[in-house]
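Residues per chain, in single letters:
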Amino acid sequence: MKIDKHPVVSREAWLHAREELLRKEKAFTRERDRLSAERRALPWVRIEQVYAFEGPDGWQTLADLFDGRSTLVVYHFMFGPNWKEGCPGCSFLADHIDGPNQHLKHHDVTLLCVSRAPLQAFQAFRKRMGWTFKWVSSQGSSFNEDFGVAARPEDIAAGTARYNYGTSKDPGEDMPGLSVFYRNELGEIFHTYSTYARGLDLLVGAYNFLDLLPKGRDEQEIMDWMTYHDRYEDEPAKAVHSCCAE
């Protein structure tokens, strides 16, 4: 439906339509609550491998990244070893991390970003973006590959690379995702959840606002309208890596 051809009705007719939609919204909310409960009920996988990360506090293990809390949320930020800038789509999502992080750390949750690039490779970009969240490098480990956000060149060439729990149509050596880990009182670490591609939409607050508006997201391809937050005045938005649309 073209927005300039949108129906216009009386206030009474609008209220009737709004009440009908409200019933569907409430049903959706209840279904989302049920889905969230099923997510929490997923079985866990014990993490046996020791991973090492380089960050602002030096070299740390996965256990160290919890920072004394029981839950660790890792955003797999697409920043390859030879990149000068992070993925625009990941940057769009990362703009939504510092705000929630002010509260999550007081709710027994540590949220941070991990990239394959060396630590020093993304320091200038992080400073430019003005982010304060912790961001560490997994360079030299299999962490990204093990959690589904990095494909080997030989798998890409063979068409067997996987992403988002299936064979990827457009794989990359770096792909976006989010993984959740839990650490119990014995110090055991478990992988509880991972999500990729459009499963990350929920984390993008700007999309939640746009979904309430008459024009919605107003994009032909996912994220084709946005760019780095410091470039909106300098150049038009560019489309991001197509893996975000799977």
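Everything numeric here is computed off the predicted structure, so don't read it as measured data.

A. Seen up close, the pattern of salt bridges. Across all of its chains, the model carries 18 salt bridges by this definition. For glutamate 173, the salt bridge identified is with arginine 116, shortest N-O distance 3.9 Å. Taken together, the positions of glutamate 173 in the loop between strand S8 (166-167) and strand S9 (177-183) and arginine 116 in the loop between strand S5 (109-115) and helix H5 (123-129) put the pair 57 residues apart, joining distant regions of the chain. Glutamate 173 gets classed as partly exposed once you look at its relative accessible area, which sits at 37%. Judged by its relative accessible area of 22%, arginine 116 is partly exposed. For arginine 128, the salt bridge identified is with aspartate 230, shortest N-O distance 2.7 Å. Taken together, the residues arginine 128 in helix H5 and aspartate 230 in the segment after helix H8 (205-210) connect sequence positions 102 residues apart. Judged by relative accessible area, aspartate 230 falls into the partly exposed class, the value being 30%. The structure contains a network of salt bridges with shared partners spanning Glu85, Arg128, Asp230 and Arg231.

B. Representation of the domain arrangement of the chain within the structure. Segmentation of the chain into domains returns domain 1 (10-41) and domain 2 (44-203). Inter-centroid distance (C-alpha atoms) of domain 1 to domain 2 is 33 Å.

C. Focus on the packing of aromatic side chains. Counted by the stated rule, this structure contains 25 aromatic pairs. Measuring from centroid to centroid gives 5.6 Å for phenylalanine 92 and tryptophan 225, while their planes differ by 85°, and the two rings are edge-to-face. With phenylalanine 92 in helix H3 (residues 88-94) and tryptophan 225 in the segment after H8, the pair connects residues that are 133 residues apart, well separated along the chain. Residue classification places phenylalanine 92 among the buried residues on the basis of a relative accessible area of 6%. The partly exposed category is assigned to tryptophan 225, whose relative accessible area is 29%. A cation sits over an aromatic face here: arginine 128 above tyrosine 228, 5.1 Å from the ring centre. Over the aromatic face of tyrosine 207 sits the side chain of arginine 217, whose NZ or CZ is 3.8 Å from the ring centroid.

Thresholds, definitions, all that
Residues numbered from 1 in each chain as written. Predicted model: local features only at pLDDT ≥ 70, side-chain atom pairs only at ≥ 80, totals over all residues. Heavy atoms only, no water. Salt bridge = Lys/Arg side-chain N within 4 Å of Asp/Glu carboxyl O. Helix = DSSP H or I, 4+ residues; strand = E, 2+ residues; numbered from the N terminus. Buried < 20%, exposed > 50% of the residue type's maximum accessible area, 1.4 Å probe, protein only. Domains from an automatic or database assignment. Phe/Tyr/Trp six-rings, centres within 6.5 Å; stacked < 30°, edge-to-face > 60°. Lys NZ or Arg CZ within 6 Å of the ring centre and 35° of its normal.

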